[in-house]
Structures are given as structure tokens and as C-alpha cells.
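# Report on the structure
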Amino acid sequence: MSRVNPTAAERTFEEGRLMAVLVAPIVSEKATMVGEKSNAVTFKVLQDATKPEIKAAVELMFKVEVKGVSVLNTKGKTKRFGKSVGRRDNVRKAYVTLKAGQELNLVGEGA
């Protein structure tokens, strides 16, 4: 019986796409607490990014081993700017859990 869906290790991604998947790290109180508690790092990612893509992007860019990826979508809030009504963008967050002993340093060296 042939396999329809290859695993993440067997799947290859375009390197240019992987470089664009991670938009920015999220630095907040909650992200810091989660990071200290479960060795996880939080990123803002593209709306159409998949878990295997996020895992591959983190492993490629930061040279660390990823244990798992959790993703959550946050709807953008409606905000008023005087008389006009605007809307914040929807955000897709990825909580990337690293394997034991792995560490990801987002702060540049020598800063």
C-alpha cells in the first residue's frame, strides 16, 4: 500500500518560501512565560503557513531541533480612528517547542 502523505522529514520545501514563513518573533510577557515554562519560542507567521513548513523554517534558520509546533489564529480587532472605522490584521501565531537541550537566541550577540 502506497503512502499518500509523506512525513515532514521526507517532504521538501522551497528555501525562499521557508525564509518568508516566519514574519517576526513575538516578544511579550505571555510569550516569555511560555518560553521559560515549556522551552517554546513564539513567532508571527504567514496566514497560509502550515505546521511542517514552520518546523522546517525554524530548523533551517536557527539550526535547532524542533519537538512540535502549535498554531493559533487571532482575529483582528475593529478600531475607530476618529470618524472612520479601521481593522487590524488577522494574526497567525506559532508556538514552536524545542527539544530538550536546544536553545534559540533571538537577541543578537554583542548587543
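Below: a short report on this structure. As the structure is a computational prediction, the values presented were derived from the model and not from experiment.

Our focus in this paragraph is the sheet that holds strand 3 (residues 66-74). In space, the 4 strands of this open sheet follow the order 1-2-6-3, with antiparallel pairing throughout. Of all strands in the sheet, those with a lone pairing partner are strand 1 (22-25) and strand 3, marking the two edges. Sheet twist, expressed as the average angle between the axes of neighbouring strands with direction ignored, equals 30 degrees. One ladder, built from 6 bridges, connects strand 2 (residues 40-45) with strand 6 (residues 91-98); its direction is antiparallel. Paired with Phe43 across the bridge in strand 6 is Ala94. Against the sheet, helix 2 (residues 29-38) contacts strand 2 and strand 6, and its axis sits at roughly 140 degrees relative to strand 2. Across the sheet, helix 3 (residues 51-62) lies against strand 1, strand 2, strand 3 and strand 6, angled at about 125 degrees from strand 3, the strand it touches most.

Now for unusual backbone geometry. With a phi close to 55 degrees, Asn39 is a non-glycine residue in the positive phi region. Residue position: Asn39 is located in the loop between helix 2 and strand 2. The exposure class of Asn39 is partly exposed, given its relative accessible area of 28%. The phi angle at Lys63 is positive, at roughly 55 degrees, despite the residue not being glycine. Its location among the elements puts Lys63 in the loop between helix 3 and strand 3. Relative accessible area serves as the criterion here: at 67%, Lys63 is assigned to the exposed category.

Calculation notes
- Residues numbered from 1 in each chain as written.
- Predicted model: local features only at pLDDT ≥ 70, side-chain atom pairs only at ≥ 80, totals over all residues.
- Heavy atoms only, no water.
- Pairing = 2+ DSSP bridges.
- Helix = DSSP H or I, 4+ residues; strand = E, 2+ residues; numbered from the N terminus.
- Axes fitted to C-alpha atoms, helices over the stretch in contact; angles between N-to-C directions.
- Contact = heavy atoms within 4.5 Å.
- Buried < 20%, exposed > 50% of the residue type's maximum accessible area, 1.4 Å probe, protein only.

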